[in-house]
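Descriptive structure summary
One-letter residues, chain by chain:
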Amino acid sequence: MENSREISATPPPRISDEGLRALRESEGRYRALFDNMVEGFALFSVVRDASGTVVDLIYREANKALEHQTGFDRAKTIGQPLTAILAPSDAARFIPVLARAVDSGEAPIVEEYAEVVDRWFEVSAYPHGRDEIVAIYRDISERKRAELVMRESQERQAFLLKLSDTLRAEPSADAVADQALRMLFKQMAPDRCYVGIYRLAEDTCEFPHQVQDDRLPPLLARVRLSDFPAGFRVLLNRTLVIDDIVKMEGVSDSERAGFAALGVGALINATLRKGENDPLWAVAVASTCPRAWTQGEISLVEEVAERTWAAVERARAETTRNQSEEKYRALFDNLADGLMLFGVVRGPRGEIINLIYRQANKAMENQAGFDRAKIIGQQFSDIVTPGDAERWTAIFAPAINSGEPVTVEEYSETLDRWFSVNAYPHGEDEIAVFYRDISERKAADAALRESEDNQAFLLKLSDVLRAEPSAEAVADRALRMLFEQMGLDRCYVGIYRLEEDIAEFPHQVHDDSLPPVPARIRLSDFPDAFRIAFDQTLVIDDATTMKSFSDSDRASFGGLGLRAAIAATLRKGASNPLWAIVAGSTRPRAWTPGEVSLVEDVAERTWAAVERARAEAARRDSEERFREFSDASTNVLWIRDTKTMRMEFASPAFDKIYGTVGSDHSGDGRLRSWARLIKPENRKSVLANFRRVRAGERVEQEFQIRRASDGTLRWIHDTGFPLRDANGEVRYIAGLGADITDAKKTTDRQGVLVAELQHRTRNLIAVVRALSDRTLGNAASLEDFGARFRLRLSALSRVQGLLSHLAAGEKITFKELLCSELAVYGATDGMAYKFTLEGPDDVVLPSRTVQTFALAIHELATNALKYGALAAADGHLFVGWRIDPPVGNDPPCLHVEWRESGVTMPDVGALAQGSGYGRELIERALPYQLKAKTTYELGVDGVRCTIAVPISRTTSNGIWQ
């Protein structure tokens with residue numbers, strides 16, 4: 001609505017000085033007059049700026065009518081500037097209008113809208129003395145609203161008239177309904193618009209016609225009426241209007257849910273009924289959001305429903321009723337349709353064999369191009385082609401023989417035109433025929449059908465191509481479908497190689513009677529054709545008559561067996577052809593615009609499908625390689641969504657390392673669920689590092705988890721890194737995780753072994769030094785020292801070898817040590833009869849005691865071999881060991897008894913020099929180093945020695961140590 005409109009501008013009335021004096025003298029009468037005026041009255045003084053421009057007005061007087069019109073308290077407005085009373089936009093409009101009365105001397109009359117009071121006024125302004133203005137206000141709001149309603153009504157009526165005119169031209173009831181919905185949808189701009197047909201007996205409402213916003217899916221084909229009880233009760237008697245289904249009273253939650261499922265937030269459902277409580281048909285408009293429908297909108301939907309129903313019924317009637325509107329009509333020349341009156345010529349058996357022209361009107365003369373004066377009296381077969389004569393006579397015969405009119409649309413070979421024909425019997429053996437030239441409509445219909453067929457074909461093509469497994473299969477299938485759709489002789493794909501001056505044809509389909517085109521051609525053999533293909537689709541109806549072709553082009557097309565072709569080329573930029581689909585015919589063919597458009601669309605869609613298939617194949621190959629790699633990897637490959645931190649992918653190693661089962665990877669795939677597996681003391685730093693990766697960093701970290709399946713602690717080395725999208729944003733975070741528990745154990749074990757090696761080396765050096773010193777001190781000669789020292793080093797070496805071959809954390813049992821030393825002397829092979837070994841198997845010697853203990857046994861065994869039980873023919877060695885229980889505060893002991901028998905002991909003076917080292921080792925070194933209690937004596941038949949070493953029992957497996 002416009003905010004202002006000038007009505008007129010008249011010169012101000014002249015008031016004489018005498019009249020002014022009289023007016024002032026009768027101020028009381030004047031005030032009574034202007035206080036009782038129906039119109040609002042105000043007197044303003046003018047406020048000007050330095051340039052003399054009126055910038056504001058000051059209220060000087062105002063009557064009661066103005067107070068009532070505006071709601072202003074006139075006592076408070078007097079003396080106030082207009083800009084302080086009105087809204088800025090109101091002041092910007094009213095001040096210039098009123099100022100004209102003092103600046104120009106005119107008396108403008110305008111219609112203005114006042115925002116501040118939401119009213120319309122007709123304002124008359126008059127100059128009153130110097131820089132004063134009288135303004136008369138008439139409230140015209142009701143008239144303006146009436147005009148608005150009138151305009152809306154007129155617009156609605158104009159739309160309804162246009163609707164009626166349009167629907168009358170629609171060919172069928174379905175077309176009428178669809179067109180009405182489209183027009184209503186465009187007029188009201190709802191979210192959807194549909195026709196509902198009620199099937200009360202089936203408790204359904206069907207929606208055969210609907211239009212909706214492109215973003216919305218169509219409605220279901222039908223709904224159950226019983227799912228919408230409140231709405232159905234209303235529409236039984238009146239139009240159903242819903243401004244907001246959520247706030248609508250009397251509606252159950254299930255019914256609201258039903259409307260929500262249909263995407264309906266607001267609705268107008270205008271229902272036509274056949275009697276009471278018998279709804280037939282409805283037109284509905286709906287919004288997905290609440291909408292306050294106006295009465296005009298409701299009336300419009302109701303009117304559209306009425307008119308559409310009438311048009312639908314009329315269209316249905318027109319398809320079934322007789323096309324004849326009257327039996328007889330006057331024949332006159334100003335008819336727009338052509339009219340002919342024929343007489344009938346019958347054969348001997350009464351059959352109709354020809355027609356004779358009796359009369360023709362001017363329109364028929366114009367349509368046919370005949371001179372009607374010359375054809376009157378002529379036989380029909382003498383004027384038209386034989387095919388026309390036979391066909392048209394057969395068409396007219398039923399009307400003549402049955403007396404019923406005939407309506408057909410038929411093609412005339414003679415005139416190369418299409419006609420809509422109504423034939424009526426007219427008297428005895430006469431027929432009146434009305435002709436309407438419909439050639440243009442037929443051409444348009446053919447083009448429309450072709451367009452619809454093409455669109456259906458293209459939709460089917462796209463669906464089929466999406467299912468093809470490869471780019472080659474896409475191209476082959478597209479060519480086969482286009483070949484069959486257009487009835488071609490051949491169809492092929494051309495790929496341009498500009499730098500090589502060739503076009504290749506890797507895909508082609510052709511008639512079985514034709515050979516394939518060559519695998520490649522030279523582009524320079526088709527100079528004119530290729531020049532056109534550079535910039536546009538090449539269309540050839542007949543290559544032999546193509547004016548823009550050179551002889552080289554014509555010959556080259558003849559060599560390919562093509563007379564007509566459409567080459568739809570895809571280009572990458574200007575004059576850079578890449579790829580084309582060519583539809584060809586061995587005969588001349590006048591290609592229609594629809595056929596050209598179809599080949600172009602097929603080329604576009606096929607190229608897109610080929611590119612998509614190639615991309616899909618590349619993606620599948622990439623994914624398969626990634627999958628094979630991830631399946632084969634013993635490390636965890638993982639990917640998480642940056643926003644939700646949910647696990648998007650985890651390789652099979654995840655379940656093995658983390659001890660989870662299934663594909664969800666620790667519960668629901670969320671970071672918190674996974675984090676629960678991390679040791680609490682590591683968890684905070686791990687999550688902090690994840691935040692760093694989300695921020696774009698690459699982070700390596702090590703942490704411990706408690707495996708879900710068995711509760712064991714495992715060490716994880718994880719490398720996290722961001723995955724960015726095309727914009728550089730971190731869309732995902734990924735990582736590689738490895739179980740390094742065994743590596744950690746190996747590292748720890750190596751540390752222990754190094755420390756043990758250092759300790760043993762120090763001990764070994766000390767032992768070797770002591771052996772050397774003691775052996776040297778007791779040796780008779782250097783050779784004797786060498787022999788003795790080698791034997792003792794051998795014993796020491798055997799012990800060290802035994803230690804080094806044991807697994808980490810294990811110990812040497814006393815039996816192993818004893819057997820290892822005595823095996824040198826045959827205790828386990830040919831001389832076993834000379835030995836008796838008795839004692840438990842599970843007495844473990846700490847590594848720190850092994851060397852000293854081994855040297856003691858070596859010394860005892862060496863002496864036995866030289867002088868004792870192992871040297872005597874009847875000698876025998878008994879070694880027994882047992883665990884003596886603790887006594888008082890003393891710990892339990894390993895008690896070892898070495899007893900030789902069957903030995904003839906030599907005199908003390910006959911013993912070899914230096915033999916006292918073994919005894920000294922037993923009696924002094926063992927007690928000192930091992931806190932052992934020992935005895936050593938030379939009996940009458942051999943050596944007797946006891947060694948008692950403190951030991952303890954471990955708590956884990958009960959082994960003595």
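Conventions we followed
- Residues numbered from 1 in each chain as written.
- Predicted model: local features only at pLDDT ≥ 70, side-chain atom pairs only at ≥ 80, totals over all residues.
- Heavy atoms only, no water.
- UniProt positions renumbered as here; feature names shortened; annotations may be inferred.
- Core = buried A, V, L, I, M, F, W, Y, C linked by side-chain atoms within 4.5 Å.
- Buried < 20%, exposed > 50% of the residue type's maximum accessible area, 1.4 Å probe, protein only.
- Helix = DSSP H or I, 4+ residues; strand = E, 2+ residues; numbered from the N terminus.
- Contact = heavy atoms within 4.5 Å.
- Phe/Tyr/Trp six-rings, centres within 6.5 Å; stacked < 30°, edge-to-face > 60°.
- Lys NZ or Arg CZ within 6 Å of the ring centre and 35° of its normal.
- Axes fitted to C-alpha atoms, helices over the stretch in contact; angles between N-to-C directions.
- Parallel < 35°, antiparallel > 145°, perpendicular 65-115°, else oblique.
- Nonpolar A, V, L, I, M, F, W, Y, C, P; charged D, E, K, R; others polar.
- Left-handed = near helix turned anticlockwise from the far one by under 90°.
- Expected span 1.5 Å × (residues − 1).
- Pairing = 2+ DSSP bridges.
- Polar contact = N/O pair within 3.5 Å; in protein donor to acceptor, adjacent residues only side chain to side chain.
- 1 Å grid on protein atoms, 1.4 Å probe; cavity = no way out; pocket = protein on both sides within 12 Å on 5 of 7 lines; lining within 4 Å.
- Points joined across faces, edges and corners; volume = space filled by probe spheres on them.

The name given to the chain in an unreviewed UniProt entry is histidine kinase, and the organism recorded there is Sandarakinorhabdus glacialis. Annotation of the chain in UniProt includes, under Catalytic activity (unreviewed entry), the sentence "ATP + protein L-histidine = ADP + protein N-phospho-L-histidine."

Description of the nonpolar core
Formed by 38 residues in total, the largest nonpolar core has its most connected members in Phe814, Leu817, Phe853, Leu894, Val896, Trp898 and Ile947. Of all elements in the fold, only helix H26 (814-822), helix H27 (847-866), strand S32 (876-884), strand S33 (893-901), helix H28 (916-930) and strand S35 (943-950) reach the threshold of two or more residues within this core. Per-element tally for this core: the top contributor is H27, with nine residues. Setting aside residues up to four positions removed in sequence, Trp898 forms contacts with Leu822, Ile857, Leu860, Ala861, Ala864, Leu877, Phe878, Val879, Val943, Arg944 and Cys945.

Some points on the packing of aromatic side chains
Here the structure, examined in full by the defined rule, presents 28 aromatic pairs. Between Tyr411 and Trp418 the ring centres are 5.8 Å apart and the planes differ by 50°, which places this aromatic pair in the tilted class. On the accessibility criterion, Trp418 (30% relative accessible area) is partly exposed. For the pair Trp674 and Phe703, a centre-to-centre distance of 6.1 Å together with 90° between the ring planes defines the contact as edge-to-face. Of this pair, Trp674 sits in helix H22 (residues 671-675) while Phe703 sits in strand S26 (residues 699-706), and the two are 29 residues apart along the sequence. Note on Trp674: relative accessible area 5%, which makes it buried. According to the relative accessible area criterion, Phe703 is buried, its value standing at 0%. Of the aromatic side chains, those joined through ring pairs into one cluster are Phe342, Tyr357, Phe380, Trp392, Phe396, Phe419 and Tyr435. The lysine or arginine in question, Lys144, covers the ring of Trp120, its NZ or CZ lying 4.3 Å from the ring centre. Note that Lys744 overlies the ring of Trp715, its terminal NZ or CZ placed 4.4 Å from the centroid.

Let's talk about the packing of helix H18 (residues 527-535) against helix H19 (residues 551-559)
For the pair H18 and H19, the least separation of the axes is 7 Å and the interaxial angle reads 90°. Here H18 is positioned roughly perpendicular relative to H19, judged by the angle of their axes. Contacts between H18 and H19 involve Pro527, Asp528 and Ala529 on the former and, on the latter, Ser552, Asp553 and Phe557. Of the residues belonging to the contact of H18 with H19, the class tally is three nonpolar, one polar and two charged.

Examining the packing of helix H17 (residues 471-486) against helix H20 (residues 593-632)
Packing of H17 against H20 leaves a shortest axis separation of 8 Å and a crossing angle of 165°. Taken together, H17 and H20 sit at an angle that is classed as roughly antiparallel. By crossing handedness, the relation of H17 to H20 is classed as right-handed. For the pair H17 and H20, the contacting residues are Ala471, Val474, Ala475, Ala478, Leu482, Gln485 and Met486 in the first and Glu595, Leu598, Val599, Val602, Thr606, Ala609, Val610, Ala613 and Arg614 in the second. Here the contact of H17 with H20 is built from residues that sort into 12 nonpolar, two polar and two charged.

Thoughts on helix H16 (residues 439-466)
With 28 residues, H16 should cover 40 Å at 1.5 Å per step; its first-to-last C-alpha distance of 40 Å lies within 8% of that length. Within H16, burial applies to Ser439, Lys442, Glu450, Asn454, Phe457, Leu458, Leu461, Ser462, Val464 and Leu465. On its buried face, H16 sits against strand S15 (406-412), strand S16 (417-425), strand S17 (430-437), H17 and H20.

Quick look at unusual backbone geometry
Despite not being glycine, Asp131 has its phi angle at roughly 55°, a positive value. Along the chain, Asp131 falls in the loop between strand S5 (119-127) and strand S6 (132-139). Residue Asp131 is classed as partly exposed on the basis of its relative accessible area of 24%. The backbone phi angle of Lys931 is positive, close to 55°, even though this residue is not glycine. Along the polypeptide, Lys931 turns up in the loop between H28 and strand S34 (933-938).

Notes on the sheet that holds strand S18 (residues 490-497)
Taken in spatial order, the six strands make up an open sheet running S20-S19-S18-S23-S22-S21, and their pairing is antiparallel. The open sheet has two free edges, formed respectively by strand S20 (520-522) and strand S21 (538-540), since each of these has just one partner strand. This sheet shows a mean twist of 20° between the axes of neighbouring strands, independent of strand direction. Both S21 and strand S22 (residues 564-571) contribute to a ladder of three bridges, which runs antiparallel. From the neighbouring strand, Leu538 faces S22, where its bridge partner is Ala567. Here H17 sits on the sheet in contact with S18, strand S19 (502-510), S22 and strand S23 (577-585), set at roughly 60° to S19.

Re the side chain of Glu122
For Glu122, the position within the fold is in strand S5. Under the relative-accessibility criterion, Glu122 is labelled buried at 17%. Here the side chain of Glu122 touches Arg138 through a polar contact of 2.4 Å, side chain to side chain.

Some points on empty space enclosed by the protein
The final tally for this structure, using the stated rule, is 10 cavities of 30 Å³ or more. Taken as a whole, the largest cavity holds about 250 Å³ of empty space. Considering the residues around the largest cavity, the lining is formed by 20 residues, among which Tyr492, Tyr496, Ile521, Ala567 and Val582 are closest to the centre. Looking at the lining of the largest cavity, the elements with two or more residues in it are S18, S19, H18, S21, S22 and S23. Here the lining of the largest cavity is composed, by residue class, of 19 nonpolar, one polar and no charged. Space inside the second largest cavity adds up to approximately 220 Å³. What lines the second largest cavity is a set of 18 residues, among which Tyr194, Phe228, Leu235, Phe259 and Asn269 lie closest to the centre.

Concerning H18
Every α-helical turn comprises 3.6 residues, leaving residues that sit three or four positions apart pointing alike. Among the residues of H18, Asp528, Ala529, Phe530, Ile532 and Ala533 are the ones counted as buried. As for H18, its buried residues are in contact with S18, S21, H19, S22 and S23.

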